[in-house]
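The lines below spell out each chain.
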Amino acid sequence: MRTTLNIHVEVVNRIDSAAKASGISRSEMIATLLRFFMNEKVKPDNIGKMVQYQDRCKNDEWRTVHVRFRVDDYECFIDMRKFYKMSVSKLVALSVKKFIINKSGFSLIGDNYPHKNYVLMKHVINDTITWKIIWGYPPEIEKILTIQ
């Protein structure tokens with residue numbers, strides 16, 4: 001899936017440096033950072049709040065970044081927008097701040113591909129709609145997928 005992100009120039013530079021240091025594309029670096037951020041806890045006080053965007057700054061400090069994500073990653077990142085109540089661009093900026101150690105070096109903690117699958121299931125019970133969203137591939141998935 002192709003999309004664009006609006007990101008501060010300093011964040012783009014840090015992403016590009018980290019991508020170059022690790023030998024992957026900018027898109028893959030952004031996807032990797034967002035996958036790590038998925039493991040952050042969602043605060044229950046986000047319900048009913050508006051989506052937060054990055055702080056404003058001068059127009060010449062922003063870059064429109066074209067990215068290409070796998071379909072399952074794209075769907076996860078859109079879900080993250082809803083659950084975290086932040087734009088995907090803000091999630092990227094926070095991920096860079098949290099997971100890229102410094103401007104010249106690059107370090108990620110843990111597996112660089114913690115989520116490999118995405119499942120979205122809809123189930124209707126007496127006119128009540130429920131959704132089950134799975135990021136990753138849990139053990140004993142057959143039990144999880146069985147609607148009770």
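Residues numbered from 1 in each chain as written. Predicted model: local features only at pLDDT ≥ 70, side-chain atom pairs only at ≥ 80, totals over all residues. Heavy atoms only, no water.

Student: Whenever I open this one, a nonpolar patch on the surface confuses me. Can you help?
Tutor: Taken together, Phe83, Leu120, Val124, Ile129, Trp131 and Ile133 make up a surface patch of nonpolar side chains, about 550 Å² in accessible area. A total of three residues in the nonpolar patch trace back to one element, the largest contributor, which is strand E4 (residues 128–135). One can find Ile133 in strand E4. Accessibility expressed as a relative area gives 31% for Ile133, which makes it partly exposed. (Patch = residues over 30% accessible without salt bridge, like charges linked within 9 Å, V, L, I, M, F, W, Y side chains within 5 Å. Areas by Shrake-Rupley, 256 points an atom, 1.4 Å probe, with all protein chains shown as cover. Salt bridge = Lys/Arg side-chain N within 4 Å of Asp/Glu carboxyl O. Helix = DSSP H or I, 4+ residues; strand = E, 2+ residues; numbered from the N terminus. Buried < 20%, exposed > 50% of the residue type's maximum accessible area, 1.4 Å probe, protein only.)

Student: Is there a simple way to think about the nonpolar core in this case?
Tutor: Soluble globular proteins tend to pack their nonpolar side chains together in the buried interior. The biggest cluster of nonpolar side chains holds 31 residues, and the ones touching the most others in it are Ile7, Ile15, Ile30, Leu34, Phe77, Met80 and Val92. Where this core is concerned, the elements lending two or more residues are strand E1 (2–8), helix H1 (9–22), helix H2 (26–38), strand E2 (62–68), helix H3 (71–84) and helix H4 (88–99). For this core, the element with the highest residue contribution is H2, accounting for eight residues. The contact partners of Met80, leaving out residues within four places of it in the chain, are Leu34, Phe37, Met38, Lys85, Leu91 and Trp135. (Core = buried A, V, L, I, M, F, W, Y, C linked by side-chain atoms within 4.5 Å. Contact = heavy atoms within 4.5 Å.)

Student: When you look at the packing of H2 against H3 in this model, what are you seeing that I'm missing?
Tutor: A pair of packed helices can be characterised by two numbers: the angle between their axes and the separation between those axes. In the contact formed by H2 and H3, the axes pass within 11 Å of each other and the chain directions differ by 45°. With respect to each other, H2 and H3 are oriented oblique. Judged by the sense of rotation from one axis to the other, the crossing of H2 with H3 is left-handed. Residues Ala31, Leu34, Arg35, Phe37 and Met38 of H2 form the contact with H3, whose participating residues are Asp73, Cys76, Phe77, Met80 and Tyr84. In the contact of H2 with H3, the residues fall into eight nonpolar, no polar and two charged. (Axes fitted to C-alpha atoms, helices over the stretch in contact; angles between N-to-C directions. Parallel < 35°, antiparallel > 145°, perpendicular 65-115°, else oblique. Left-handed = near helix turned anticlockwise from the far one by under 90°. Nonpolar A, V, L, I, M, F, W, Y, C, P; charged D, E, K, R; others polar.)

Student: I'm lost on the pattern of salt bridges in this one. Help?
Tutor: Close approach of charged atoms allows side chains of opposite charge to pair. Following the criterion strictly, the structure yields five salt bridges and no others. Between Arg35 and Asp73 there is a salt bridge whose closest N-O contact spans 2.7 Å. Remark: Asp73 occurs in helix H3 and Arg35 occurs in helix H2; sequence separation between them is 38 residues. Assigned by exposure class, Arg35 and Asp73 land together as buried. Across the pair Asp72 and Arg70 runs a salt bridge whose closest N-O atoms are separated by 2.4 Å.

Student: What am I meant to see in H3 here?
Tutor: An α-helical turn contains 3.6 residues, so any two residues separated by three or four positions project in the same direction. Between its first and last C-alpha, H3 extends 20 Å over 14 residues, near the 20 Å set by a 1.5 Å rise per residue. The complete set of buried residues in H3 reads Asp72, Asp73, Cys76, Phe77, Asp79, Met80 and Tyr84. Looking down the long axis of H3, one finds its buried residues gathered within 160° of arc, a one-sided arrangement. Considering only its buried residues, H3 is in contact with H2, H4, strand E3 (118–125) and E4. A positive phi of about 55° marks Lys85, the residue just after H3. (Expected span 1.5 Å × (residues − 1). Arc of directions from axis to C-beta.)

Student: How should the packing of aromatic side chains be read in this particular structure?
Tutor: Here a ring pair, both rings aromatic, is described through the centre-centre distance and the interplanar angle of the planes. Taken as a whole, this structure holds three aromatic pairs when the rule is applied. Consider the rings of Phe36 and Phe99, whose centres lie 5.4 Å apart with planes at 40°: the pair is tilted. Note that Phe36 is positioned in helix H2 and Phe99 in helix H4, a separation of 63 residues in sequence. Given the relative accessible area of 11%, Phe99 is considered buried. (Phe/Tyr/Trp six-rings, centres within 6.5 Å; stacked < 30°, edge-to-face > 60°.)

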